[in-house]
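Summary of the model geometry
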Amino acid sequence: MKADEDVPMIAAEAPVVVARACEMFILELTHRGWAHAEENKRRTLEKSDIAAAIARTEVFDFLVDIVPRDGAEDADTAAAAAAAGIPRPAAGVPATDC
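Residues numbered from 1 in each chain as written. Predicted model: local features only at pLDDT ≥ 70, side-chain atom pairs only at ≥ 80, totals over all residues. Heavy atoms only, no water.

Under an unreviewed UniProt entry, the name given to the chain is Transcription factor CBF/NF-Y/archaeal histone domain-containing protein, and the source organism is Zizania palustris. Recorded under Function (unreviewed entry), the UniProt text for the chain is reproduced unchanged: "Stimulates the transcription of various genes by recognizing and binding to a CCAAT motif in promoters." (UniProt positions renumbered as here; feature names shortened; annotations may be inferred.)

Take a look at the structure:
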């Protein structure tokens, strides 16, 4: 926030509040993913558990296009994108609809 040139001033509390909101968001998503892992009798949280939590929870609908549903879709989507000549984003960089 402070690095943005368009934002001249930020209250001292703002970064703390945003950090806490991010922490709460990650905690909620992780808990819902963990519940899915336990339903499948696993003790390891996997990407598919997070994807299932996103699919099951309406408040996370904004993540549906960012987190693929399963590994099969990842492979199909990557193959189709490669065939179309669409570059794949770097790891950790979200894809954009440009």
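Here's the deal with the overall build of the chain
The secondary structure content of the chain amounts to 3 helices and 0 strands. When the helices and strands of the chain are listed from N to C terminus, the series reads α-α-α. In the chain, the share of contacts with a sequence separation of at least 24, taken over all contacts with a separation of at least 6, comes to 20%. Of the roughly 7,900 Å² that the chain leaves accessible, carbon and sulfur atoms contribute 60%. (Helix = DSSP H or I, 4+ residues; strand = E, 2+ residues; numbered from the N terminus. Contact = heavy atoms within 4.5 Å. Areas by Shrake-Rupley, 256 points an atom, 1.4 Å probe, with all protein chains shown as cover.)

Focus: the nonpolar core
Judged by nonpolar contacts, Leu29, Ile50, Ala53, Ile54, Phe60 and Leu63 together constitute the single largest core of 6 residues. If one sorts the elements of this core by residue count, helix α2 (residues 47-56) sits on top with 3 residues. (Core = buried A, V, L, I, M, F, W, Y, C linked by side-chain atoms within 4.5 Å. Buried < 20%, exposed > 50% of the residue type's maximum accessible area, 1.4 Å probe, protein only.)

Re helix α1 (residues 13-39)
Here α1 is 27 residues long and its end C-alpha atoms lie 39 Å apart, about the 39 Å a rise of 1.5 Å per residue gives. Those residues of α1 lying buried are Leu29, Gly33, His36 and Ala37. Where α1 is buried, its residues contact α2. (Expected span 1.5 Å × (residues − 1).)

Some thoughts on the environment of Glu28
Structurally, Glu28 can be placed in helix α1. For the pair Glu28 and Ala53, spaced 25 residues apart in sequence, the C-alpha separation works out to 9.7 Å.

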